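Analysis of the macromolecular model
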2 protein chains.
Amino acid sequence: MGKSDSEKPVVGVDLGGTKVLAGVVAPNGQILATVKRATKPEGGPAVVVERVLKSVREAVKAAGLEPDDILALGSGAPGPLDPDSGVVLHTPNMPGWDNVPLAKMLGDALNVPAFIANDVDLGTLGEFALGAGQGHQHVVGIFVGTGIGGGLILNGELWQGWRRAAAEIGHTIVLADGPYCGCGNRGCLEAVASRTAIERDIQAGIKAGRESVIPELLKADDKGRLTSGALVEALRRGDTLVAEVLGRVQFYLGLGIASAVNFVDPEMVILGGGVVEAFGDEFLEPIRRVAYQNFINKRGARDVKIVPASLGDNAALLGAAVYARQRLERIRK
Amino acid sequence: MGKSDSEKPVVGVDLGGTKVLAGVVAPNGQILATVKRATKPEGGPAVVVERVLKSVREAVKAAGLEPDDILALGSGAPGPLDPDSGVVLHTPNMPGWDNVPLAKMLGDALNVPAFIANDVDLGTLGEFALGAGQGHQHVVGIFVGTGIGGGLILNGELWQGWRRAAAEIGHTIVLADGPYCGCGNRGCLEAVASRTAIERDIQAGIKAGRESVIPELLKADDKGRLTSGALVEALRRGDTLVAEVLGRVQFYLGLGIASAVNFVDPEMVILGGGVVEAFGDEFLEPIRRVAYQNFINKRGARDVKIVPASLGDNAALLGAAVYARQRLERIRK
């Protein structure tokens, strides 16, 4: 006798410019198996989709399942996409991704209903349903990495917005006339508080003659990139330039959180992403201080929790699985 | 035979620090009669409530109705308040308003179900249901006066937030480390784009020796206040200081709108309030230019309408009537 839909596992995929992460997720949110490989975006959409399919098939096998055991597939993908039609409209960091019907390509190949959504939206949905946000109904997610992405859960549902372009918290303008952002505008939160901003400001400080251990740490890293690990090590060694730059980042993140809270008044703000995770929970305390100070309504302000994400790299994968199940339920209603 | 609930009129009240405006509103949104009087807040809550009741009774009479003909009453009040319990928690510009059960006081005296909500929330609800926002489902309202207030409609419903503290768009931080705001924080939209900010900046310019017709216009106004009318007249006379200050205000309003749109992705932004209304629709064009430029997602950006409010001083009154009807329907479901 076959299993009912609510007992069947779902596949969640986190498709990014550098890696593909596919996982099989049980109805209770348990990850049964995952497979990770490089995206190799230079091959174009057909090659990338083949690599996603391969990862999914391997993950299903690793979970001891057959393709027919899978109820649905959800996948996160970077920027602008249409979750309703399942089409990726354009992806700046992957060549050839213009109007790619990703959901249909994945669904047809695997013979399951397939859905896509913005990867940071799904990361927030994952944290809401299975991570730091469990038990809450109104959640803002902020993920700080090379850029800053966001997600918004209202009344227990992912809020994607009228044009499906919501929750771009990284492009809240916090410093009018501030530094240029990758998006072409100025003073966005992303332009002053992302890893890109941190690197720019530290390099500017060094160029201006400030002492720092960063050049030495960069020489040791064969990629020459300023990783979160290098920042942590610099802080540990008492690097005042790095401490100063990170202090400003915390200040701006606090302001961005306050603006978000003053606008939608959520129960909880979840902070995640490489930069936040590298420093651990103590990184959040100065952010909280600035944020709470800048809440306009002080009533119950401390009841609005500001917490670290808890799912790490699995947030988007888990959110994709939750999303696929939700979309399918809505269709079948 | 009596009328059914859906045929009965509702009373809407806009209670502010300077004036009380009460109106009888037909189910189709038509205003049957209004009565306006000074609030006289110095008398304390009991006196103010008496003046509201008097205005309501006069408005009902002016509409040719009896108190029994009224289905419900809705009232806007300046914040912070708890719309669920109907209690005004504290009102900075009205002495003695701490934990005043305004909804119960009004409802008991008039023998109708009574509801209260934030006045700017209700102004947005009024514009959404009966004004510039008709036919739209996701609307952000921004009202620029002495301060800057906001309202948020998602899926056709007023979004009040988890703590009922949502939509404080005036306290989006757009200029980190900027001028102090009345709220005690720095660089809020209200601190750089309200009438208070305009007055501060013009006075600073004059003090620094800039030429302006404003001192002459202030002498002519017996109250000595910098009214929107004086600003319009100064612009007409080619005052470059006033033009410069207002240009910055338009820039900041554009940034504030972009931040709001990038976050919740609405269909429409409605701009109202004394400052916006005084200058007419052409005041909006530079605001739109900055806003659209700062939308992170350009897809369908121009489909997001940025429009002037259309209900003027009646927005909150009408929104209060709409709100009372909605709350009553929800209770009776």
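Cut-offs used in this document
Residues numbered from 1 in each chain as written. Chains lettered and ligands numbered in written order. Predicted model: local features only at pLDDT ≥ 70, side-chain atom pairs only at ≥ 80, totals over all residues. Helix = DSSP H or I, 4+ residues; strand = E, 2+ residues; numbered from the N terminus. Rg over C-alpha atoms; globule rule 2.2 N^0.38 Å. Buried ≥ 20, exposed ≤ 12 C-beta atoms within 10 Å, placed from the backbone. Contact = placed C-beta atoms within 7 Å. Pairing = 2+ DSSP bridges. Axes fitted to C-alpha atoms, helices over the stretch in contact; angles between N-to-C directions. Nonpolar A, V, L, I, M, F, W, Y, C, P; charged D, E, K, R; others polar. Domains from an automatic or database assignment. Least-squares fit on C-alpha atoms with pLDDT ≥ 70 in both. Expected span 1.5 Å × (residues − 1). Parallel < 35°, antiparallel > 145°, perpendicular 65-115°, else oblique. Left-handed = near helix turned anticlockwise from the far one by under 90°. Core = buried A, V, L, I, M, F, W, Y, C linked by C-beta atoms within 7 Å.

The next thing to look at is the overall build of chain A. Secondary structure summary: chain A contains 11 helices and 13 strands in total. In terms of overall dimensions, chain A is globule-like: its C-alpha atoms have a radius of gyration of 20 Å, near the 20 Å expected for 333 residues. Along the three orthogonal principal directions, the C-alpha set of chain A runs to about 70 × 50 × 35 Å. A burial count over chain A gives 53% of its 333 residues as buried. Of all intrachain contacts in chain A linking residues separated by at least 6 positions in sequence, the fraction that spans at least 24 positions is 63%.

Residue and element names in this part refer to chain B. Read across the open sheet, the 5 strands follow the order 11-10-9-12-13; overall the sheet is mixed. Both outer strands of the open sheet, strand 11 (157-158) and strand 13 (305-308), are each paired with one neighbouring strand and no more. Relative to the sheet, helix 10 (residues 284-294) contacts strand 12 (268-272) and strand 13, its axis offset from that of strand 13 by approximately 160°.

How large an interface is tends to be reported as the accessible area lost when its parts come together. Between chain A and chain B, the residue contacts involve 37 residues of the former and 37 residues of the latter. Tallying contributions element by element places helix 8 (residues 240-264) of chain A first for the side of chain A that touches chain B, with 8 residues. Of the residues belonging to the side of chain A that touches chain B, the class tally is 21 nonpolar, 11 polar and 5 charged.

With that out of the way, let us pick up the sheet that holds strand 7 (residues 98-100) of chain B. Note on sheets: strands pair through backbone hydrogen bonds, and any given pair is parallel or antiparallel. Here we have 3 strands laid out as an open sheet, ordered 5-6-7 (chain B), and antiparallel in their pairing. At either end of the open sheet lies a strand with only one pairing partner, and these are strand 5 (81-82) and strand 7 of chain B.

What follows is about the pairing of strand 8 (residues 114-118) of chain A. Residue and element names in this part refer to chain A. Burial within strand 8 is extensive, with 5 of its 5 residues counted as buried. Where strand 4 (residues 73-77) meets strand 8, 5 bridges bridge the pair, whose relative direction is parallel. Bridging from a neighbouring strand, Gly76 pairs with Ala117 of strand 8.

Turning our eyes to something else, we now look at the domain arrangement of chain A. Residues and elements named next belong to chain A. If you check the domain split of chain A, you get domain 1 (5-119 + 314-332) and domain 2 (132-310). Summarising the inter-unit geometry, the C-alpha centres of domain 1 and domain 2 are found 27 Å apart. Facing 4 residues of domain 1, the contacting portion of domain 2 comprises 4 residues. For the side of domain 1 that touches domain 2, the residue count by class is 2 nonpolar, no polar and 2 charged.

Residue and element names in this part refer to chain A. Backbone geometry at Asn99 places phi at a positive 55°, although glycine is not the residue there. Among the residues examined, Asn99 registers 12 C-beta atoms within 10 Å and is labelled exposed. Even without being glycine, Ala167 reaches a positive phi, approximately 70°. Overall, Ala167 belongs to the buried group, with 27 C-beta atoms counted inside 10 Å.

When chain A is fitted onto chain B, the two copies agree to an RMSD of 0.1 Å after a turn of 180° and an axial shift of 0.0 Å. Those values place the two copies in the arrangement expected of a two-fold rotation axis. The residues that chain A uses at the interface reappear at the interface of chain B in 100% of cases, marking a shared surface.

Here we come to helix 3 (residues 119-130) of chain B. Residue and element names in this part refer to chain B. Its 12 residues place the ends of helix 3 16 Å apart at the C-alpha level, agreeing with the 16 Å of an ideal helix rising 1.5 Å per residue. Summarising burial for helix 3: 12 of the 12 residues are buried, a large majority. Taken as a whole, helix 3 has its buried residues at Asp119, Val120, Asp121, Leu122, Gly123, Thr124, Leu125, Gly126, Glu127, Phe128, Ala129 and Leu130.

Moving on, we get to the packing of helix 8 of chain A against helix 10 (residues 284-293) of chain A. All names here are of chain A. Packing of helix 8 against helix 10 brings their axes to within 7 Å, and their N-to-C directions diverge by 45°. Considering their axes alone, helix 8 and helix 10 lie oblique with respect to each other. For the pair helix 8 and helix 10, the crossing hand works out as right-handed. Residues Gly247, Gln250, Phe251, Leu253, Gly254, Leu255, Ile257 and Ala258 of helix 8 pack against Pro286, Ile287, Arg289, Val290 and Ala291 of helix 10.

With that settled, the discussion passes to the environment of A:Val232. On the secondary structure map, A:Val232 appears in helix 7 (residues 228-236). The contact partners of A:Val232, leaving out residues within four places of it in the chain, are A:Ala278 and A:Phe279.

Here we take up the pairing of strand 9 (residues 139-144) of chain B. Residues and elements named next belong to chain B. Of all 6 residues that make up strand 9, 6 are buried, and the element is covered over most of its length. Neither face of strand 9 is exposed, since Val139, Gly141 and Phe143 on one face and Val140, Ile142 and Val144 on the opposite face are all buried. One ladder, built from 6 bridges, connects strand 9 with strand 10 (residues 148-154); its direction is antiparallel. Each bridged residue has a counterpart across the sheet, and for Ile142 the counterpart in strand 10 is Gly150. Connecting the antiparallel pair strand 9 and strand 10 is a turn made up of 3 residues.

Glancing now at the nonpolar core. Ranked by internal contacts, the top residues of the largest apolar core, which has 233 residues, are A:Val11 and B:Val11. When residues no more than four places from it in sequence are discounted, the contact partners of A:Val11 are A:Ala22, A:Val24, A:Val56, A:Ala59, A:Val60, A:Ile70, A:Leu73 and A:Ala321.

Examined against the element boundaries, A:Thr172 turns out to sit in the loop between strand 11 (157-158) and helix 4 (189-193). Between the C-alpha atoms of A:Thr172 and A:Val10, which are 162 residues apart in sequence, the distance is 34 Å. Not counting chain neighbours up to four residues away, the residues in contact with A:Thr172 comprise A:Cys188, A:Leu189, A:Gly256, A:Ser259, B:Ser259, B:Asn262 and B:Phe263.

As a further point, take the environment of B:Glu157. By secondary structure assignment, the location of B:Glu157 is in strand 11. Measuring from C-alpha to C-alpha, the distance between B:Glu157 and B:Val139 comes to 9.5 Å, with 18 residues separating the pair along the chain.

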